[in-house]
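Analysis of the macromolecular model
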Amino acid sequence: MAKINFGGVEEEVVTREEFSLDKAREVLKNETIAVLGYGVQGPGQALNLKDNGFNVIVGQRKNSKTWDKAIADGWVPGEDLFELEEACERGTIIQFLLSDAGQIKLWPTVKKHLTPGKALYFSHGFGVTYNERTGIIPPDDVDVILIAPKGSGTSLRRMFLEGRGLNSSYAIYKDATGKAKERVVALGIGVGSGYLFPTTFKKEVYSDLTGERGTLMGAIQGIFAAQYEVLRENGHTPSEAFNETVEELTQSLMPLVAENGMDWMYANCSTTAQRGALDWWKKFKDATKPVFSDLYKEVAAGEEAQKSIDSNSKEDYRAKLEEELTELRESEMWRAGKAVRELRPERAK
Ligand SMILES: NC(=O)C1=CN([C@@H]2O[C@H](COP(=O)(O)OP(=O)(O)OC[C@H]3O[C@@H](n4cnc5c(N)ncnc54)[C@H](O)[C@@H]3O)[C@@H](O)[C@H]2O)C=CC1
Ligand SMILES: CC(=O)[C@](C)(O)C(=O)O
Ligand SMILES: [Mg+2]
Ligand SMILES: [Mg+2]
């Protein structure tokens, strides 16, 4: 493991240089990796593993949209695409990539096929950390490991195809075989990560749930909506409000942050913008920090996990979700966004 200094704190990171793809193939050469679920992470991880030369099969419910999607992606029924239970039986490493709520329902079936020496793999610390709520308590004689890509399965696949890589965190909950470490690292490299950051199941799920509810998804939409509304209430047009709230951020400024940090993005804006941003960011921090503290507390108490289990276990959860996503899509801000996106010069036919 390489020791890397992150802002003054030394951390260990596994790099692709020390653990090559060839080594990963060697470690897993006798394993059958069964990827259960073909939603968002399933396709990304399964296709990357296959293209990287691993023995991988997909387990998915027959007669479902995602079964058809798997076939369209080149998986062949009876060859490397099976019903969930058959995949559990065939796999020596079971990648449990059903939705976190779906995992609860399938757990009795998966558990039945976790014979000694197999490995149970998650991409989220959810099921195991909140096991009082999920009932997911793995047997003692299997490895329990985690690779959590730091991004959407869609990006994992896209970046792999572009010859890039999405980094992941990894964790070992149970090393039953003495080989959990090499198994998990080999899988991390196999699914397309370049670097692997060590964590625990609990730290992974607490930070992940905070991040997606916070700056990555929840907080950002909240801040966008607040600014957009204030601009509209003061007579600005939808296009102007959207451009100054979202479009300029995603098209011009965030790519600069991604490339070289916030100070560099600031340095590439006007001195007028810099003066204002440097004065105002602390006010926004003070206003939102209490909300983030509440959020973390609710995550740590398991309340957020319970809410997601309850709502995502309902029969009609997809329809309900679609309703809420439609409400976002049909808000004035995001309808304005659609029109603004169409006007990106590179999109002109
Ligand atoms: N979406 C993402 O990009 C990320 C997901 N993760 C984690 O990866 C895991 C998989 O997540 P996603 O790919 O988002 O899942 P998803 O919500 O796309 O669902 C995956 C599959 O589960 C199946 N499924 C759901 N309920 C089921 C049930 N009761 N019985 C049988 N199949 C059922 C669906 O048909 C689908 O094929 C989760 O632990 C998630 O937290 C981690 C990082 C990012
Ligand atoms: C993409 C990702 O890592 C998230 C936002 O945590 C998730 O989809 O759960
Ligand atoms: Mg995440
Ligand atoms: Mg998440």
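Conventions adopted
Residues numbered from 1 in each chain as written. Chains lettered and ligands numbered in written order. Predicted model: local features only at pLDDT ≥ 70, side-chain atom pairs only at ≥ 80, totals over all residues. Heavy atoms only, no water. Phe/Tyr/Trp six-rings, centres within 6.5 Å; stacked < 30°, edge-to-face > 60°. Helix = DSSP H or I, 4+ residues; strand = E, 2+ residues; numbered from the N terminus. Buried < 20%, exposed > 50% of the residue type's maximum accessible area, 1.4 Å probe, protein only. Lys NZ or Arg CZ within 6 Å of the ring centre and 35° of its normal. Pairing = 2+ DSSP bridges. Right-handed = clockwise from strand over helix to strand, strands pointing away. Near = heavy atom within 4 Å. Polar contact = N/O pair within 3.5 Å; in protein donor to acceptor, adjacent residues only side chain to side chain. Areas by Shrake-Rupley, 256 points an atom, 1.4 Å probe, with all protein chains shown as cover. Nonpolar A, V, L, I, M, F, W, Y, C, P; charged D, E, K, R; others polar. Donors = N, O, S within 2.8 Å, 3.2 Å for Na, K, Ca; no water. 1 Å grid on protein atoms, 1.4 Å probe; cavity = no way out; pocket = protein on both sides within 12 Å on 5 of 7 lines; lining within 4 Å. Points joined across faces, edges and corners; volume = space filled by probe spheres on them. Contact = heavy atoms within 4.5 Å. UniProt positions renumbered as here; feature names shortened; annotations may be inferred. Patch = residues over 30% accessible without salt bridge, like charges linked within 9 Å, V, L, I, M, F, W, Y side chains within 5 Å. Salt bridge = Lys/Arg side-chain N within 4 Å of Asp/Glu carboxyl O. Lys, Arg positive; Asp, Glu negative; His and termini not counted. Charge placed at Lys NZ, Arg CZ, Asp CG, Glu CD.

Summed over all chains, the structure comprises 11 aromatic pairs. Summarising the aromatic geometry, the rings of Phe224 and Trp334 are spaced 6.4 Å apart at their centres and angled 55° between planes, so their arrangement reads as tilted. Taken together, the positions of Phe224 in helix 11 (residues 218–233) and Trp334 in helix 17 (residues 332–342) put the pair 110 residues apart, joining distant regions of the chain. A relative accessible area of 11% means that Phe224 is categorised as buried. Seen in terms of ring centroids, Trp280 and Phe284 are 6.2 Å apart; in terms of plane orientation they differ by 45°. Their pairing is tilted. Of the two residues, Trp280 and Phe284 are both situated in helix 14 (residues 271–300); the distance of 4 residues between them amounts to about one turn of the helix. Positioned above the aromatic ring of Trp75 is the side chain of Lys50, whose terminal nitrogen or guanidinium carbon lies 4.0 Å from the ring centre. The ring of Trp280 carries the charged tip of Lys283 above its face, separated from the ring centre by 4.0 Å.

Now for the pairing of strand 7 (residues 119–122). Side chains Ala119 and Tyr121 of strand 7 all project onto a buried face; the interleaved residues Leu120 and Phe122 project onto the opposite face, where all are buried too. With 3 bridges joining them, strand 6 (residues 93–96) and strand 7 adopt parallel strand pairing. Note on strand 7: the bridge partner recorded for Ile93 is Ala119. At this point the chain moves from strand 6, through helix 5 (residues 100–112), to the parallel strand 7, and the crossover so formed is right-handed.

To continue, consider the site of ligand 2. Around ligand 2 lies a shell formed by Gly151, Ser152, Asp208, Glu212 and Met217. Between ligand 2 and Asp208, the relevant distance is 3.0 Å, taken from an oxygen atom to a side-chain nitrogen or oxygen of the residue. Between ligand 2 and the protein, one listed contact pairs an oxygen atom with a side-chain N or O atom of Glu212 at 2.6 Å. In the complex, 60% of the free accessible area of ligand 2, which totals 270 Å², lies under the protein chains. Residue composition of the shell around ligand 2, grouped by class: 1 nonpolar, 2 polar and 2 charged.

The next point concerns the coordination of the magnesium ion (ligand 4). Protein ligation of the magnesium ion (ligand 4) involves Asp208 (OD) and Glu212 (OE), the donor distances falling in the range 2.0 to 2.1 Å. Distance-wise, the magnesium ion (ligand 3) is placed 3.6 Å from the magnesium ion (ligand 4), both being coordinated by Asp208. Pair noted here: Asp208 and Glu212 are both in helix 10 (residues 201–213), with a separation of 4 residues, about one helical turn.

Turning to the layout of surface pockets, a few remarks are in order. Reported here for the second largest pocket is a volume of approximately 1,800 Å³. Around the second largest pocket, the lining is made up of 39 residues, and of these Ile220, Ile223, Phe224, Leu249 and Met254 lie nearest the centre. Secondary-structure elements contributing two or more residues to the lining of the second largest pocket are helix 11, helix 12 (238–260), helix 13 (262–267) and helix 14. Of the residues forming the lining of the second largest pocket, the biggest block, 11 residues, is contributed by helix 14.

The next point concerns the environment of Ala2. As for its position among the elements, Ala2 is in strand 1 (residues 2–6). For Ala2, a relative accessible area of 24% translates into the label partly exposed. Discounting chain neighbours no more than four positions away, the residues touching Ala2 are Glu11, Glu12, Val13, Thr15 and Glu18.

Turning our eyes to something else, we now look at the site of ligand 1. Close contacts around ligand 1 come from 22 residues, with Tyr38, Gln41, Asp100, His124 and Gly153 the closest. Here an oxygen atom of ligand 1 sits 3.4 Å away from a polar atom, N or O, in the side chain of Gln103. Within the backbone of Gly153, a nitrogen or oxygen atom sits 2.9 Å from an oxygen atom of ligand 1. In isolation ligand 1 exposes 820 Å². Once the protein is present, 82% of that is buried. The biggest single contributor to the shell around ligand 1 is helix 5, with 4 residues. Residues of the shell around ligand 1, tallied by class, amount to 6 nonpolar, 13 polar and 3 charged.

Here the UniProt feature "binding site: Mg(2+) 2" (unreviewed entry) sits at Asp208, Glu244 and Glu248. What stands out for the annotated residues spanning 41 residues is how far apart their C-alpha atoms range, the widest pair being 28.7 Å apart. Checked against the lining of the second largest pocket, the annotated residues reduce to Glu244 and Glu248. Within the secondary structure, Glu244 is located in helix 12. Aside from chain neighbours lying at most four places away, what touches Glu244 is Gln227 and Leu231. Positionally, Glu248 belongs in helix 12.

Another point: a positive patch on the surface. On the surface, Arg61, Lys65, Lys105 and Arg318 cluster together to form a positively charged patch. Structurally, Arg318 can be placed in helix 16 (residues 317–329). On the basis of relative accessible area, Arg318 is assigned to the exposed category, the value being 58%.

Attention now goes to the pattern of salt bridges. Under the definition given, this model contains 21 salt bridges. Here Glu332 ties to Arg232 by a salt bridge, and the two come within 2.6 Å at their closest N and O atoms. Of this pair, Glu332 sits in helix 17 while Arg232 sits in helix 11, placing them 100 residues apart in sequence. A residue is classified by how much of its surface remains accessible, and Arg232, at 29% relative accessible area, is partly exposed. Within this structure, Glu212, Arg213, Glu298, Glu304 and Lys307 form a network of salt bridges that share partners.

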